[in-house]
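The chain contents come next:
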Amino acid sequence: MTTTITIRRPDDWHVHLRDDAMLQGVASYTARQFARAIVMPNLTPPITTVEAASAYRDRIMAALPDGAAFEPLMTCYLTDNLDPEEVRRGFEAGVFTAAKLYPAGATTNSDSGVTDVAKIRGVLEVMAEIGMVLCVHGEVTAADIDIFDREAVFIEQVLKPLIAEIPSLKVVFEHITTQDAVRFVEAAPANVAATITPQHLHINRNAMLVGGMRPHAYCLPVAKRELHRLALRRAATSGLPKFFLGTDSAPHTRSAKESACGCAGIFNAPFALESYLAVFEAEEALEQFEGFASLHGPAFYGLPVNEEAITLEKRDTGVPETVDAGGEQLVPFHAGQTLGWTFAG
Ligand code: DOR
Ligand code: ZN
């Protein structure tokens, strides 16, 4: 039986580190396990300029212990009126690694997002020209589309036309939740990839709704029915380089989650690797873990792989009911459960 796993240090290709006190509380959880992370720009106000991204990057580094070996990879929040030259300038200066497309109103702090992809055509053409990755929150927002169908409809209405119109654009379809998304990405050219979160590999929509409403299992896109979870597990463990790790760790205070209108987001950063590894073990695919966690993402982004290694040991980790984040109590993913692996650094 395998008792330890040593792999190149992984990266998190999608994380919310927030700002101010929350940033102080959560940043080190991500930096403990990952060498780099694609940091989401949905602050209030969103990160839409090179200067704002650069200042945010400095605040992230200041929130970490001195000498922490962690590199935040910054993203630009796309709006209807963003100047394509701002995006080019940020990418060429090494400040922006990617740009993020939030359909307006799709999720937390997305009100200034894009109302129609046609409006950002100029930005997308510049991104294709310079080889900059577009990260996509893939859900339509039309009120008449059922929330469980919003990802599948997005593929038809937005992604397929987008990829047909700008075929060389590098696109990461983020936090995919459906079999439809898996099939779409598998069939798409090599410049289209997807990230998968731990929660969408572990839970289906019953976890949110059976036996009471479970706000800590609520995130966007919402978990779907079981057949979709199984398709995601097959994709993540397949060894295909199109699928890689992106936690979408999205902390909200306990009171903001346990509310009449609870916020979307699952805080999975503290035990992210233990959570993913449990899936690879159950799927008898431990040999595919390093590709998913540490190799496919850098290859897609055109970045070097990390040189250092990390080890996970086959011994139990008890996940606490809450974790301290700078004095704020946050409820982590898997709260109160036991995971069979322990991150040993
Ligand atoms: O569940 C989510 N939370 N999904 C998102 O897309 C945004 C995130 C957040 O920022 O809280
Ligand atoms: Zn997210």
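These notes cover the structure that comes with them. (Residues numbered from 1 in each chain as written. Chains lettered and ligands numbered in written order. Predicted model: local features only at pLDDT ≥ 70, side-chain atom pairs only at ≥ 80, totals over all residues. Heavy atoms only, no water.)

To continue, consider the overall build of the protein. Helix and strand counts for the protein come out as 12 helices and 15 strands. Compactness check: the protein gives a C-alpha radius of gyration of 19 Å against a globular reference of 20 Å for 345 residues, within 12% of the reference. Seen through its C-alpha atoms, the protein measures out along the principal axes to roughly 50 × 45 × 40 Å. Scored against the burial criterion, the 345 residues of the protein give a buried share of 57%. Accessible surface computed for the protein: about 13300 Å², of which carbon and sulfur atoms make up 50%. (Helix = DSSP H or I, 4+ residues; strand = E, 2+ residues; numbered from the N terminus. Rg over C-alpha atoms; globule rule 2.2 N^0.38 Å. Buried < 20%, exposed > 50% of the residue type's maximum accessible area, 1.4 Å probe, protein only. Areas by Shrake-Rupley, 256 points an atom, 1.4 Å probe, with all protein chains shown as cover.)

A few words now on the state of the cysteines. Going through the model one piece at a time under the given rule, you end up with zero disulfides. Here C219 is not disulfide-linked; the sulfur of C263 is the nearest cysteine sulfur, at 13 Å. What makes C219 buried here is its relative accessible area of 3%. Distance from the sulfur of C263, which forms no disulfide, to the nearest cysteine sulfur (C261) is 7.2 Å. By relative accessible area, C263 is classed as partly exposed at 27%. (Disulfide = S-S within 2.5 Å.)

The next point concerns the environment of P65. Relative to the helices and strands, P65 is located in the loop between α2 (50–62) and β4 (71–77). Sequence separation between P65 and P161 is 96 residues, and the spatial gap between their C-alpha atoms is 45 Å.

What follows concerns the packing of aromatic side chains. Applying the stated rule across the entire model yields 10 aromatic pairs. Their ring planes at 75 degrees and their centres at 6.2 Å tell us that F300 and Y301 sit as a pair that is edge-to-face. For F300, a relative accessible area of 9% corresponds to the buried category. On the basis of relative accessible area, Y301 is assigned to the buried category, the value being 9%. Feature note: the residues W13, F244, F300 and Y301 constitute an aromatic cluster, connected by ring pairs. (Phe/Tyr/Trp six-rings, centres within 6.5 Å; stacked < 30°, edge-to-face > 60°.)

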